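Fold and geometry: a report
The chain contents come next:
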Amino acid sequence: MPPRAEAPSAANSEDAPDIPKKDELLDSLTKGLALLRLYASGVEHLTMQEVAEQLDVTRAAARRLLLTLAHNGYLAQQGRQFTLTPKVMDLGYAYFASMNLPQLARPFLQALCAEVGESCSIGMLDGDSVVLVAREEPRQLLRVDMAIGRRMPAYAHSLGRVLLAGLDDAALAAYLASADLRKLTPFTITSRPALARKLAQVRADGWCTLVSELADGFAGVSVPLHDQTGKVVAGLGLSMVLGSRDQGHLETHYLPPLRTAAEKIEGILRAR
């Protein structure tokens, strides 16, 4: 009988975590990162003595850390004090630039959903459709069932309308000339001139409120999201069962927090 093969140990398994040995770590880099975290706590400036005390290192070590970061442009020296420079933003830029919009916006969607108690979505224009790319649902029995990836006719959804209103004149004219405008409810706008007027109003207002056009008894309020160039790249919206509320109520109660969340997301987009 051949000898039984031994099971791979954690040390030679490909799935085992790669735990570095102490002599494989750069203590100076660890101290340098710890120094940057001191500034992240809200400290505006530090001296060599303060760094030595905070990091439990000698003054000579603190001096080398500070001068190294200053030499590389991350700190500026003013007498005995060292302050951060804007270059530290470079350390996080690659991370934020690699993230996509749903990832960046998720914390703000979650906060908005918790604040207003309604479904929050981000949508992007794809041809004649608006596609949901991010979604947060409140904890309630009655929800608007719209999953990420769902496509809806842009002309009949508040997210779609803020995106259409963000198109340049030529692209919008091409859409209006070719779009298949169907009567989804008795309230759906299907007249091209009437839709053009609505989109012009959305462009002027900077938001869209839509009631019972996609589904009778449901409403939506949306605002555009702009990138660093000012281009509309997505829409942020709330969707809800209308109930006894009217359009005025929706705009009064939901538009302010929606705009605030949009401003925060746009701030991240502009920093990318």
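Calculation criteria
Residues numbered from 1 in each chain as written. Predicted model: local features only at pLDDT ≥ 70, side-chain atom pairs only at ≥ 80, totals over all residues. Heavy atoms only, no water. Pairing = 2+ DSSP bridges. Helix = DSSP H or I, 4+ residues; strand = E, 2+ residues; numbered from the N terminus. Buried < 20%, exposed > 50% of the residue type's maximum accessible area, 1.4 Å probe, protein only. Arc of directions from axis to C-beta. Contact = heavy atoms within 4.5 Å. Polar contact = N/O pair within 3.5 Å; in protein donor to acceptor, adjacent residues only side chain to side chain. Core = buried A, V, L, I, M, F, W, Y, C linked by side-chain atoms within 4.5 Å. 1 Å grid on protein atoms, 1.4 Å probe; cavity = no way out; pocket = protein on both sides within 12 Å on 5 of 7 lines; lining within 4 Å. Points joined across faces, edges and corners; volume = space filled by probe spheres on them. Nonpolar A, V, L, I, M, F, W, Y, C, P; charged D, E, K, R; others polar. Axes fitted to C-alpha atoms, helices over the stretch in contact; angles between N-to-C directions.

The name given to the protein in an unreviewed UniProt entry is IclR family transcriptional regulator, with Cupriavidus pauculus as the source organism.

Moving on, we come to the sheet that holds strand 2 (residues 75-78). Read from one edge to the other, the open sheet built from three strands follows the order 1-3-2, with strand pairing classed as antiparallel. Here the strands that pair on one side only, and so sit at the sheet edges, are strand 1 (45-46) and strand 2. Bridging between strand 1 and strand 3 (residues 81-84) involves two bridges; their strand directions are antiparallel. Across the sheet, Leu46 pairs through a bridge with Phe82, a residue of strand 3.

With that settled, consider the pairing of strand 8 (residues 218-226). Most of strand 8 sits inside the fold, with seven of its nine residues counted as buried. As paired elements, strand 7 (residues 208-211) and strand 8 share four bridges and run antiparallel to each other. The partner of Thr209 across the bridge, within strand 8, is Val221. Here strand 7 hands over to strand 8 after six residues, with Ser212 in that stretch at a positive phi of 60°. In terms of strand pairing, strand 8 meets strand 9 (residues 232-241) through nine bridges, oriented antiparallel. Bridge pairing links Val223 to Leu236 in strand 9. Adjacent in sequence and paired antiparallel, strand 8 and strand 9 are bridged by five residues, among which Gly230 carries a positive phi angle near 90°.

Here the focus is helix 7 (residues 169-178). Taken together, the buried positions of helix 7 are Leu172, Tyr175 and Leu176. For helix 7, the arc enclosing every buried residue in end-on projection is 95°, short of the 170-degree limit, so these residues lie on one face. Away from its buried face by more than 90 degrees, helix 7 exposes Ala170, Ala177 and Ser178. In this structure, the buried residues of helix 7 make contact with helix 6 (158-165) and helix 8 (192-205). Capping of helix 7 at its N-terminal end is provided by Asp168; its side-chain oxygen lies 3.2 Å from the backbone amide nitrogen of Ala170.

Formed by 27 residues in total, the largest nonpolar core has its most connected members in Leu112, Ile122, Leu236, Leu238 and Ile265. Among the secondary structure elements, those contributing two or more residues to this core are helix 5 (101-116), strand 4 (119-126), strand 8, strand 9 and helix 9 (247-271). Take this core: its biggest share by element is eight residues, from helix 9. Here Leu238 is in contact with Leu112, Val116, Ser119, Cys120, Ala219, Gly220, Val221, Tyr254 and Leu258, once residues within four sequence places are set aside. With 19 residues, the next largest nonpolar core counts Leu36, Leu55, Val57 and Leu75 among its residues.

Scanning the model with the defined rule gives one cavity of 30 Å³ or more in all. Computed from the structure, the largest cavity encloses a volume of approximately 30 Å³. Ser121, Arg135, His157, Ser158, Leu159, Ser222, Gly237, Leu238 and Ser239 together form the lining of the largest cavity. For the lining of the largest cavity, the elements supplying multiple residues, two or more each, are helix 6 and strand 9. With three residues, strand 9 is the largest single contributor of residues to the lining of the largest cavity. Residue classes in the lining of the largest cavity are distributed as two nonpolar, six polar and one charged.

Note that Ser222 resides in strand 8. Judged by relative accessible area, Ser222 falls into the buried class, the value being 1%. A polar contact is formed between the side chain of Ser222 and the side chain of Ser158, at a distance of 2.7 Å. When residues no more than four places from it in sequence are discounted, the contact partners of Ser222 are Ser158, Leu159, Val162, Trp207, Cys208, Leu236, Gly237 and Leu258.

Here we take up the sheet that holds strand 4. Sheet architecture is open: six strands sit in the order 6-5-4-9-8-7, paired in antiparallel fashion. The sheet terminates laterally at strand 6 (151-153) and strand 7, the two strands that pair on one side only. Along the sheet, successive strands turn relative to each other by an average axial angle of 35°, direction set aside. Inspection of the sheet shows strand 5 (residues 129-136) paired to strand 6 by three bridges, in the antiparallel sense. From the neighbouring strand, Val130 faces strand 6, where its bridge partner is Met152. Relative to strand 9, helix 6 is tilted by about 155°, and along the sheet it contacts strand 4, strand 5, strand 7, strand 8 and strand 9.

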